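Structure assessment
Residue strings, one per chain:
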Amino acid sequence: MPERTALKDESVLKDGHLQKKTYYARLFRRFVLLTMVCSLVPLLLVGWGINIHYTRFAKTRMINSLQIQLANHRKIVELFLLERTSRLNLIAQTHSLEYLSDMSNLNSVFKVLNWGDASFADLGVIGADGRHRAYIGPYNLMDKNYADTFWFKKVMENSIFISDMFTGFRKIPHFIVAVIRQERGATWILRATINPEVFRSLVEDVQVGKSGEVLLLNRQGIYQTSPRFSGKIMERAPFSVGEVHDGVEIQMLKSRGDDGKAPSVRQIAAQTWLKEPRWLLMIKQDYSEALGDVNHANYVTLIFLHLSALIILAVTVLVTRHMIAVIKKRDDQMDQLNNQLIQASKLASIGELSAGVAHEINNPLAIILTERQILLDMAGQTRAMDDDFREQFDASMKQINMQIQRCKRITHNLLRFSRRTQSVIEEVDLNEFIKEVVELMEREAETSGIKFRTDLDQNLPEIPTDPSQLQQVFLNLITNAIDAHDGKPYGSIHITTAGDERKQGVRIIVADTGSGIRPENLENIFDPFFTTKAVGKGTGLGLSICYSIMQRLGGAVTVTSEPGVGTEFTLFLPLQPPHKLEESIIKKEGSSSD
């Protein structure tokens, strides 16, 4: 029979082990599946978000780059034209017609104007009749009459004029700058042709990537410079220039190859109008090249997503294995806690037994006290008694009385601590109550070299509160204070009581000279299961329970601490209990007979 029972127990253990193994395997698969779903979906959302973000970022950066380039280039072109116009106007305003009509003088002025950059191709002085008074340049234009030309009429109206590109008498594309001068009733014009090569280098030589180009067009959409890839100077552009506007505008264009058969290419164009002359400055670039950063970002995002998925899979498996191992460990610990719970139940039974023993001890103490009184009465009736014997007898009776009272206090405290009752509100003398708690904990404190000091306000009124719950608060605080001296050869616990008239209550301060609490832990000490004690030294519930009890009693608890110096807990109890507690007040009609 014993062998069969042993075999049966072994079989049950094997079946239980197999069931646990199956349970943990199923739990592992569920954790992996759930973690993959909960991680991959956010990852994809983040990946798409990054993709969209960097697409917008690249577009914005590319557009900003084009706008900045265009604005800077516009300043360069405008500054070039303004500076040349100012030079020409300065010459016209500071030199007379007679002086400039001399060919040698005009040649000297022409050299001065071209000093450093040769930006002027020729220079001529023209009278009000449209004929040259003098001319310096590579063309034979002295016999030409400009009275009917468009630029002559414009300069006569505006005083200063910069023309569009035109061919004129020389039959090649060029543009001129002309200024007018009134001198002694006579009107004459100083006219100069801007060197086309110098001006075109400002625009045509600028490159924006492999497919980008910079263009200048007039209001009619005629090229004022030669495009880089298609079209020629003074040809009409294949797109509309639109209305004159301020600032920079961005447009999307479609262009075809030179033969017109190639597929259209999408281009992005940034354009702005010059102030004078009203030319459209444009930067064009293929959309695919401009958004190369976006394509790169998308490619990197895809790689990131795939690598992240693989990493998540590997980490999920490793973390899940670790979690299952932790769960197994916790299950084992739970089994151990169940065993400890059984032991705690035994201790609770012992506590009830000790309460019964305390009751039983009170009966012999009462008998001893009665017999002592009888002896005292008999000694008082006996006259023939030796003085030394009577003195020794009285001393013995006093000692018996002291020990009886001491035993009575011990059993009384033991009964109060061990009894389990519902919340009962009583009128409590805090000072006497604290003395009882100190007496109960004094022996434990002395074994650790800790002394109690009390500073009790004798004018404190009795307050209605729950003595059993309040005792638990004091016991927890004093126990923590004793534990805080761990590693110190000695220390002290100082308990102070004082009234608080402003808040209509009583303050109790429990201060110790222990190791103190670090600042980063002060905010968490009232949280359940938070503890700084070593494993097995505490559950982290003591201060949490104290906090809850004080809240229930209508009071509060605060703490201040300095590491290495000590900790101070301040309790506040109101003179009147909360309304919820008042409804359940059970007033004692008589003192306890324990």
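Rules used in this analysis
Residues numbered from 1 in each chain as written. Predicted model: local features only at pLDDT ≥ 70, side-chain atom pairs only at ≥ 80, totals over all residues. Heavy atoms only, no water. Salt bridge = Lys/Arg side-chain N within 4 Å of Asp/Glu carboxyl O. Helix = DSSP H or I, 4+ residues; strand = E, 2+ residues; numbered from the N terminus. Buried < 20%, exposed > 50% of the residue type's maximum accessible area, 1.4 Å probe, protein only. Phe/Tyr/Trp six-rings, centres within 6.5 Å; stacked < 30°, edge-to-face > 60°. Lys NZ or Arg CZ within 6 Å of the ring centre and 35° of its normal. Pairing = 2+ DSSP bridges. Axes fitted to C-alpha atoms, helices over the stretch in contact; angles between N-to-C directions. Contact = heavy atoms within 4.5 Å. 1 Å grid on protein atoms, 1.4 Å probe; cavity = no way out; pocket = protein on both sides within 12 Å on 5 of 7 lines; lining within 4 Å. Points joined across faces, edges and corners; volume = space filled by probe spheres on them. Nonpolar A, V, L, I, M, F, W, Y, C, P; charged D, E, K, R; others polar. pLDDT = per-residue confidence, 0-100. Patch = residues over 30% accessible without salt bridge, like charges linked within 9 Å, V, L, I, M, F, W, Y side chains within 5 Å. Areas by Shrake-Rupley, 256 points an atom, 1.4 Å probe, with all protein chains shown as cover. Lys, Arg positive; Asp, Glu negative; His and termini not counted. Charge placed at Lys NZ, Arg CZ, Asp CG, Glu CD. Parallel < 35°, antiparallel > 145°, perpendicular 65-115°, else oblique. Left-handed = near helix turned anticlockwise from the far one by under 90°.

Considering all chains together, one arrives at 10 salt bridges under this definition. In this structure, Lys284 and Glu213 form a salt bridge, with 3.4 Å as the shortest nitrogen-oxygen distance. Here Glu213 lies in strand 6 (residues 213-217) and Lys284 lies in strand 9 (residues 280-286), a separation of 71 residues in the sequence. The exposure class assigned to Lys284 is buried, which follows from its relative accessible area of 6%. The shortest N-O distance in the salt bridge between Lys435 and Glu432 comes to 3.6 Å. Of the two residues, Lys435 and Glu432 both sit in helix 9 (residues 430-447), three residues apart, roughly one turn of that helix. On the basis of relative accessible area, Lys435 is assigned to the partly exposed category, the value being 43%. Each of Glu83, Arg84, Arg87 and Asp117 takes part in a single network of salt bridges with overlapping partners.

For the coordinates displayed, the defined rule picks out 11 aromatic pairs. Aromatic side chains Tyr23 and Tyr24 sit 5.5 Å apart centroid to centroid with 55 degrees between the ring planes, which places their arrangement in the tilted category. According to the relative accessible area criterion, Tyr24 is buried, its value standing at 9%. In textbook terms, an aromatic cluster arises when at least three aromatic residues are bridged by ring pairs, as seen for Phe80, Phe175, Phe199 and Trp279. When the ring centre of Tyr146 is taken as reference, the NZ or CZ atom of Arg191 above it lies at 5.2 Å. Just above the ring of Phe572 sits the side chain of Lys503; from NZ or CZ to the centre is 5.9 Å.

If you walk across this open sheet you meet the five strands as 2-1-5-4-3, and the pairing is antiparallel. Of all the strands in the sheet, the pair left with one neighbour each is strand 2 (132-136) and strand 3 (160-162). Taken over all neighbouring pairs, the strand axes of this sheet differ in orientation by 15 degrees on average, direction set aside. The pairing of strand 1 (residues 120-127) with strand 2 spans four bridges and is classified as antiparallel. In the sheet register, Ile126 faces strand 2, and the bridge partner there is His132. Its contacts with the sheet put helix 3 (residues 103-113) on strand 1 and strand 2, and the angle it makes with strand 1 is roughly 140 degrees.

Further remarks concern empty space enclosed by the protein. For the structure on display, the rule yields one cavity of 30 Å³ or more. When its volume is computed, the largest cavity comes out at roughly 30 Å³. Lining the largest cavity, in full, are Val203, Glu204, Val206, Glu213, Val214, Ser226, Pro227 and Arg228. Looking at the lining of the largest cavity residue by residue, the classes come out as four nonpolar, one polar and three charged.

The next thing to look at is the sheet that holds strand 13 (residues 491-500). Read from one edge of the open sheet, five strands run 11-13-14-16-15, paired in mixed fashion. Looking at the sheet topology across the chains shown, the edges are occupied by strand 11 (450-455) and strand 15 (556-562). Adjacent strand axes in the sheet meet at a mean angle of 15 degrees when their direction is disregarded. The pairing of strand 11 with strand 13 spans six bridges and is classified as parallel.

Here the protein averages 80 in pLDDT, while 83% of its residues score no lower than 70. Under a pLDDT of 50 for its full length, residues 585-594 has, in the predicted model, 11 contacts with residues more than four places off or in other chains.

Together, Arg56, Lys59, Lys254 and Arg266 line one region of the surface with positive charge. You can call Arg266 partly exposed: its relative accessible area is 46%.

A cluster of nonpolar residues, Tyr299, Val300, Ile303, Leu307, Leu310, Ile311, Val315, Val319 and Met323, forms a patch on the protein surface that exposes about 800 Å² of accessible area. Considering the arrangement of structural elements, one finds Val315 in helix 7 (residues 292-381). Accessibility expressed as a relative area gives 41% for Val315, which makes it partly exposed.

Next up on the list: the packing of helix 9 against helix 10 (residues 467-483). Between helix 9 and helix 10, the shortest axis-to-axis distance is 10 Å and the interhelical angle comes to 40 degrees. The pairing of helix 9 with helix 10 is recorded here as oblique in orientation. The two elements helix 9 and helix 10 cross, and the hand of that crossing is right-handed. Here Leu430, Phe433, Ile434, Val437, Leu440, Met441, Glu444 and Ala445 of helix 9 lie close against helix 10, whose contacting residues are Pro467, Leu470, Gln471, Phe474, Leu475, Ile478, Thr479 and Ile482. Per-class residue counts for the contact of helix 9 with helix 10 are 13 nonpolar, two polar and one charged.

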